[in-house]
Amino acid sequence: MIRTATVLVAGVAISASASVINIDFSNDALGNALANGQAVSGNDVSSLFSLSSSGNNAGLAIFDSTASGPNASAEDQDLLVNLGNVLILQDNAESAKSGGIFSSPDDDGNGGTMSFSFAAPTELASITLIDMDGGNGGTVTLVDSAGDPDLVDIPIPGNDDSM
């Protein structure tokens, strides 16, 4: 679970069954390309985990962070970090969508919680966090198979930096 003012997940590398699986948000669970602005939840991205969100936002969405990509002229230039698709908490003010696609993908300044619930015990190998605004940093909560949480505080290294 990730809680912060604004945390965007660029990639998650997990170890499962003695192999590392990189989740880069470029394809859905069926192998279809995820579109810029596409709303995602549940097992949309992978059969290995379920996604959910909470907070004062419009839910989870895909944002193409390529500097020369479809969001090059977007208001939120600090999201253009050239990591391809990233997972954001969509801004309520930009919540118009058609066919499951937000017309103006943009991160919500109010932040919220992104939850990844894995179907089997999984080791988190790495996670990339971008655009941590709000001045409070964030927290990544890892829960072991016994249900015991391990909270990892994430400081803000500087405005709009990636970790």
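For clarity, every value in this text was computed on a predicted model and none was experimentally measured.

Participant: Help me out: how do you make sense of the nonpolar core in this one?
Facilitator: Across soluble globular proteins, nonpolar side chains have a tendency to be buried as a group. Judged by nonpolar contacts, the single largest core of 13 residues is most densely connected at F25, V40, V45, L51, L60, L87 and F116. If you list the elements that add at least two residues to this core, you get β4 (49–54), β5 (60–64), β6 (85–89) and β9 (112–118). Discounting chain neighbours no more than four positions away, the residues touching L60 are Q38, A39, V40, L51, S52, S53, L87, I88, L89, F102 and M114. Membership of the second largest hydrophobic core comes to eight residues, among which are A61, L79, I88 and F102.

Participant: Looking at this model, I keep getting lost on a nonpolar patch on the surface. Mind explaining?
Facilitator: Where nonpolar side chains cluster on the molecular surface, the patch consists of L124, L142 and V152 and spans about 190 Å² of accessible area. You can see V152 is positioned in strand β12 (residues 149–154).

Participant: What's the story with unusual backbone geometry in this structure? I'm lost.
Facilitator: Despite not being glycine, F25 shows a phi value in the positive range, around 60°. Relative to the helices and strands, F25 resides in the loop between β3 (19–23) and β4. The phi torsion at N82 lies on the positive side, around 55°, for a residue other than glycine. Within the fold, N82 resides in the loop between β5 and β6.

Participant: Looking at this structure, I do not really get the packing of aromatic side chains. What am I missing?
Facilitator: To describe a pair of aromatic rings, one takes the distance between the centres and the angle between the planes. Enumeration over the complete set of coordinates arrives at two aromatic pairs. An angle of 55° between the planes, with centres 5.4 Å apart, marks the rings of F49 and F118 as tilted. Here F118 lies in strand β9 and F49 lies in strand β4, a separation of 69 residues in the sequence. Among the residues examined, F49 registers a relative accessible area of 2% and is labelled buried. Pairwise contacts between aromatic rings join F49, F116 and F118 into one cluster.

Participant: How should the confidence of the model for the protein be read in this particular structure?
Facilitator: Close inspection of predicted coordinates is inappropriate for parts of the model with low pLDDT. Here the protein averages 82 in pLDDT, while 82% of its residues score no lower than 70. Mean pLDDT in the protein bottoms out at strand β1 (residues 2–4), which sits at 37, and peaks at β5, which reaches 95. Note that residues 1–8 has pLDDT below 50 and, in this model, 56 contacts with residues that lie over four places away or in other chains.

Participant: Sorry, what's going on with the environment of D78 here?
Facilitator: Considering the arrangement of structural elements, one finds D78 in the loop between β5 and β6. Along the sequence, D78 and D131 sit 53 residues apart, while their C-alpha atoms lie 6.8 Å from each other.

Participant: Would you mind going over the pairing of strand β11 (residues 138–143) with me for this structure?
Facilitator: Look at any regular strand and the pattern is simple: side chains alternate between the two faces of the sheet. For β11 and β12, the ladder comprises six bridges, and the chain directions are antiparallel. Among the inter-strand pairings, V140 is bridged to a residue of β12, identified as V152. Where β11 hands over to β12, the hairpin turn is made up of five residues, of which G147 adopts a positive phi near 90°.

Participant: Before we go on, may I ask you to explain the side chain of D108 in this structure?
Facilitator: For D108, the location among the structural elements is in the loop between β8 (101–102) and β9. In this structure D108 is buried but unpaired, with K97 as the nearest side chain of opposite charge at 13 Å. Here the side chain of D108 touches N92 through a polar contact of 3.1 Å, landing on its backbone nitrogen.

Basis of the calculations
- Residues numbered from 1 in each chain as written.
- Predicted model: local features only at pLDDT ≥ 70, side-chain atom pairs only at ≥ 80, totals over all residues.
- Heavy atoms only, no water.
- Core = buried A, V, L, I, M, F, W, Y, C linked by side-chain atoms within 4.5 Å.
- Buried < 20%, exposed > 50% of the residue type's maximum accessible area, 1.4 Å probe, protein only.
- Helix = DSSP H or I, 4+ residues; strand = E, 2+ residues; numbered from the N terminus.
- Contact = heavy atoms within 4.5 Å.
- Patch = residues over 30% accessible without salt bridge, like charges linked within 9 Å, V, L, I, M, F, W, Y side chains within 5 Å.
- Areas by Shrake-Rupley, 256 points an atom, 1.4 Å probe, with all protein chains shown as cover.
- Salt bridge = Lys/Arg side-chain N within 4 Å of Asp/Glu carboxyl O.
- Phe/Tyr/Trp six-rings, centres within 6.5 Å; stacked < 30°, edge-to-face > 60°.
- pLDDT = per-residue confidence, 0-100.
- Pairing = 2+ DSSP bridges.
- Lys, Arg positive; Asp, Glu negative; His and termini not counted.
- Polar contact = N/O pair within 3.5 Å; in protein donor to acceptor, adjacent residues only side chain to side chain.

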